[in-house]
Amino acid sequence: MQEDISDVECLLFPVDPLARAFPHEWKVSLFRRRAKRDADGVFRYECPICKHKFDHLSLEYLHGDHIWPYSLCGETTRENFRVICGSCNSAKSNYIDSVIRSALGSGDFRRMVFDFLKTLENAGNPLMDHRLEDFIGARPEGSPKGQ
Ligand SMILES: [Zn+2]
(Lines give C-alpha, C1' and ligand atoms only; values in the text may rest on other atoms or scores of the structure.)
Protein backbone atom coordinates (compact mmCIF):
# COMPACT_ATOMS: atom_id res chain seq x y z
CA MET A 1 0.00 0.00 0.00
CA GLN A 2 1.46 3.32 -1.03
CA GLU A 3 1.50 6.19 1.42
CA ASP A 4 -0.44 9.29 0.44
CA ILE A 5 -0.28 12.73 1.89
CA SER A 6 -1.93 12.82 5.29
CA ASP A 7 -4.56 14.85 7.11
CA VAL A 8 -1.68 16.69 8.75
CA GLU A 9 -0.33 17.99 5.45
CA CYS A 10 -3.82 18.99 4.36
CA LEU A 11 -4.23 20.98 7.56
CA LEU A 12 -0.79 22.53 7.47
CA PHE A 13 -0.86 23.32 3.76
CA PRO A 14 -4.50 23.86 2.83
CA VAL A 15 -5.41 24.57 -0.75
CA ASP A 16 -8.43 26.02 -2.48
CA PRO A 17 -9.98 23.25 -4.62
CA LEU A 18 -10.14 25.76 -7.45
CA ALA A 19 -6.50 26.80 -7.19
CA ARG A 20 -4.44 26.10 -10.29
CA ALA A 21 -1.51 24.48 -8.49
CA PHE A 22 -0.96 22.10 -5.60
CA PRO A 23 1.08 23.25 -2.59
CA HIS A 24 4.80 22.64 -3.10
CA GLU A 25 4.86 20.96 0.32
CA TRP A 26 2.47 18.26 -0.89
CA LYS A 27 4.93 17.24 -3.58
CA VAL A 28 7.84 17.12 -1.16
CA SER A 29 5.77 15.15 1.29
CA LEU A 30 4.60 12.61 -1.27
CA PHE A 31 8.15 12.24 -2.52
CA ARG A 32 9.38 11.48 1.01
CA ARG A 33 6.62 9.00 1.67
CA ARG A 34 6.90 7.06 -1.56
CA ALA A 35 10.60 7.19 -2.38
CA LYS A 36 12.18 3.78 -1.97
CA ARG A 37 15.79 2.92 -1.29
CA ASP A 38 17.54 1.44 -4.33
CA ALA A 39 20.43 -1.05 -4.25
CA ASP A 40 22.89 1.86 -4.22
CA GLY A 41 21.31 3.23 -1.05
CA VAL A 42 19.73 6.26 -2.72
CA PHE A 43 16.04 6.94 -2.18
CA ARG A 44 14.18 7.43 -5.43
CA TYR A 45 10.61 8.25 -6.40
CA GLU A 46 9.06 6.35 -9.29
CA CYS A 47 6.95 8.36 -11.74
CA PRO A 48 3.59 6.53 -11.84
CA ILE A 49 3.35 6.99 -15.62
CA CYS A 50 6.77 6.33 -17.16
CA LYS A 51 8.20 4.40 -14.17
CA HIS A 52 11.48 6.28 -14.34
CA LYS A 53 13.04 6.91 -10.94
CA PHE A 54 14.11 10.27 -9.56
CA ASP A 55 16.24 11.08 -6.53
CA HIS A 56 15.81 14.19 -4.37
CA LEU A 57 18.13 16.19 -6.65
CA SER A 58 15.43 15.86 -9.32
CA LEU A 59 12.66 17.16 -7.09
CA GLU A 60 12.21 20.29 -9.17
CA TYR A 61 11.70 18.12 -12.24
CA LEU A 62 8.73 16.44 -10.56
CA HIS A 63 5.33 18.13 -10.71
CA GLY A 64 2.16 18.00 -8.67
CA ASP A 65 -0.41 16.81 -11.19
CA HIS A 66 -4.19 16.72 -11.40
CA ILE A 67 -5.21 13.10 -12.07
CA TRP A 68 -8.46 14.39 -13.50
CA PRO A 69 -7.26 17.37 -15.56
CA TYR A 70 -7.71 20.85 -14.20
CA SER A 71 -8.70 21.91 -17.71
CA LEU A 72 -11.65 19.52 -17.44
CA CYS A 73 -12.83 20.93 -14.12
CA GLY A 74 -10.60 18.66 -12.03
CA GLU A 75 -10.23 20.01 -8.53
CA THR A 76 -7.07 20.71 -6.59
CA THR A 77 -7.66 18.19 -3.83
CA ARG A 78 -5.70 15.35 -2.24
CA GLU A 79 -7.92 12.80 -4.03
CA ASN A 80 -6.97 14.32 -7.37
CA PHE A 81 -3.27 14.71 -6.58
CA ARG A 82 -0.28 12.78 -7.80
CA VAL A 83 3.33 13.54 -8.61
CA ILE A 84 4.65 12.86 -12.11
CA CYS A 85 7.87 13.76 -13.91
CA GLY A 86 8.27 16.82 -16.12
CA SER A 87 8.38 14.76 -19.28
CA CYS A 88 5.08 13.02 -18.57
CA ASN A 89 3.59 16.32 -17.41
CA SER A 90 4.27 18.07 -20.71
CA ALA A 91 3.27 15.05 -22.80
CA LYS A 92 0.00 14.89 -20.91
CA SER A 93 -0.86 18.57 -21.20
CA ASN A 94 0.02 18.67 -24.89
CA TYR A 95 -2.18 15.67 -25.52
CA ILE A 96 -5.09 17.01 -23.51
CA ASP A 97 -4.86 20.46 -25.03
CA SER A 98 -5.00 19.10 -28.57
CA VAL A 99 -7.81 16.70 -27.74
CA ILE A 100 -9.84 19.45 -26.11
CA ARG A 101 -9.20 21.84 -28.98
CA SER A 102 -10.45 19.33 -31.51
CA ALA A 103 -13.39 18.20 -29.39
CA LEU A 104 -14.69 21.61 -28.32
CA GLY A 105 -17.42 22.79 -30.59
CA SER A 106 -17.63 19.48 -32.38
CA GLY A 107 -20.32 18.12 -30.06
CA ASP A 108 -18.04 15.24 -29.12
CA PHE A 109 -16.80 16.88 -25.95
CA ARG A 110 -19.50 15.47 -23.70
CA ARG A 111 -18.97 12.00 -25.16
CA MET A 112 -15.24 12.26 -24.60
CA VAL A 113 -15.74 13.30 -20.98
CA PHE A 114 -18.28 10.54 -20.48
CA ASP A 115 -15.95 7.89 -21.89
CA PHE A 116 -13.11 9.17 -19.70
CA LEU A 117 -15.28 9.07 -16.60
CA LYS A 118 -16.54 5.61 -17.49
CA THR A 119 -12.96 4.41 -17.78
CA LEU A 120 -12.22 5.80 -14.33
CA GLU A 121 -15.37 4.28 -12.92
CA ASN A 122 -14.55 0.86 -14.38
CA ALA A 123 -11.10 1.11 -12.84
CA GLY A 124 -12.71 1.63 -9.45
CA ASN A 125 -11.57 5.22 -9.24
CA PRO A 126 -13.31 7.14 -6.48
CA LEU A 127 -13.42 10.26 -8.67
CA MET A 128 -16.60 8.93 -10.26
CA ASP A 129 -19.15 10.45 -7.94
CA HIS A 130 -22.40 12.34 -8.22
CA ARG A 131 -20.65 15.66 -8.90
CA LEU A 132 -19.05 14.27 -12.03
CA GLU A 133 -22.28 12.58 -13.04
CA ASP A 134 -23.88 16.01 -12.78
CA PHE A 135 -21.08 17.44 -14.85
CA ILE A 136 -21.57 15.02 -17.73
CA GLY A 137 -25.34 15.09 -17.40
CA ALA A 138 -27.50 12.39 -18.96
CA ARG A 139 -25.69 9.36 -20.23
CA PRO A 140 -25.14 9.35 -23.98
CA GLU A 141 -27.54 7.27 -26.02
CA GLY A 142 -26.59 3.65 -26.35
CA SER A 143 -24.48 3.69 -23.23
CA PRO A 144 -25.03 0.96 -20.70
CA LYS A 145 -26.77 2.04 -17.53
CA GLY A 146 -24.45 2.79 -14.64
CA GLN A 147 -23.53 0.71 -11.59
ZN1 LIG B 1 7.21 10.21 -16.03
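For the structure, see preceding data.
Residue numbers here run from 1 along each chain, matching the order of that chain's written sequence. Owing to the predicted nature of the model, reporting of local features is limited to residues with pLDDT of at least 70; listing and counting of side-chain atom pairs is limited to 80 or more, with chain, interface and lining totals taken over all residues.

1. Some words on the overall build of the protein
Counting its regular elements, the protein contains five helices and five strands. Of the regular secondary structure in the protein, the N- to C-terminal order runs α-α-β-β-β-β-β-α-α-α. Relative to its 147 residues, the protein shows a buried fraction of 12%. We call two residues in contact when the distance between their C-beta atoms, placed using the backbone, is within 7 Å. In the protein, the share of contacts with a sequence separation of at least 24, taken over all contacts with a separation of at least 6, comes to 51%. Counting from the N terminus, the helices are DSSP H or I runs at least four residues long and the strands are E runs at least two residues long. In this scheme every C-beta is placed from the backbone, and a residue whose C-beta has 20 or more other C-beta atoms within 10 Å is buried, one with 12 or fewer is exposed, and one in between is partly exposed.

2. Some details on the environment of I67
Along the chain, I67 turns up in the loop between strand 4 (62–66) and strand 5 (81–85). Classification of I67 as partly exposed rests on a count of 15 C-beta atoms within 10 Å. For the pair formed by I67 and T77, sequence separation is ten residues and the distance between their alpha carbons is 10.0 Å. Discounting residues that sit within four places of it in the chain, I67 has contacts with N80 and R82.

3. Thoughts on helix 2 (residues 24–34)
Residues of helix 2 that are buried: W26, K27, S29 and L30. For helix 2, the arc enclosing every buried residue in end-on projection is 165 degrees, short of the 170-degree limit, so these residues lie on one face. The secondary structure elements touched by the buried residues of helix 2 are helix 1 (7–12), strand 4 and strand 5. By arc we mean the arc of the directions from the helix axis to the C-beta atoms, nothing more.

4. Focus: the sheet that holds strand 2 (residues 43–46)
Here, a strand pair is defined by DSSP locating no fewer than two bridges between the strands. The strand order 1-2-3 describes an open sheet built from three strands, whose pairing is antiparallel. A single partner strand is all that each edge strand has here, and the edge strands are strand 1 (36–37) and strand 3 (53–54). Pairing between strand 1 and strand 2: two bridges, direction antiparallel. Residue pairing in the sheet places K36 in a bridge with R44 of strand 2.

5. Focus on the nonpolar core
Joined through C-beta atoms within 7 Å, a set of buried Ala, Val, Leu, Ile, Met, Phe, Trp, Tyr and Cys residues constitutes a nonpolar core. Within the largest apolar cluster, ten residues are counted, these being I5, F22, W26, L30, Y45, C47, L62, F81, V83 and C85. Those elements that place two or more of their residues in this core are helix 2 and strand 5. In terms of residue count, the dominant contributor to this core is strand 5 (three residues). Among all residues touching L62, those that are not within four sequence positions of it are K27, F31, Y45, F54, V83 and C85.

6. Some words on helix 4 (residues 109–122)
The terminal C-alpha atoms of helix 4 lie 20 Å apart, and with 14 residues this matches the ideal 20 Å at 1.5 Å per residue to within 8%. A positive backbone phi angle near 75 degrees is found at G124, which sits one or two residues after helix 4. Every helix has an expected span of 1.5 Å times one less than the residues it contains.

7. Things to note about unusual backbone geometry
In the Ramachandran plot, K51 falls in the positive-phi region, its phi being about 70 degrees despite a non-glycine side chain. Turning to its location among the elements, K51 is positioned in the loop between strand 2 and strand 3.

8. Thoughts on the pairing of strand 2
Taking the residues between adjacent antiparallel strands as the criterion, strand 1 and strand 2 are bridged by five residues, where G41 takes a positive phi near 90 degrees. In the sheet, strand 2 pairs with strand 3 via two bridges, with the strands oriented antiparallel. In the strand pairing of strand 3, E46 is matched with K53. Remark: six residues form the turn of the hairpin made by strand 2 and strand 3, two consecutive strands paired antiparallel; K51 in that turn has positive phi of roughly 70 degrees.

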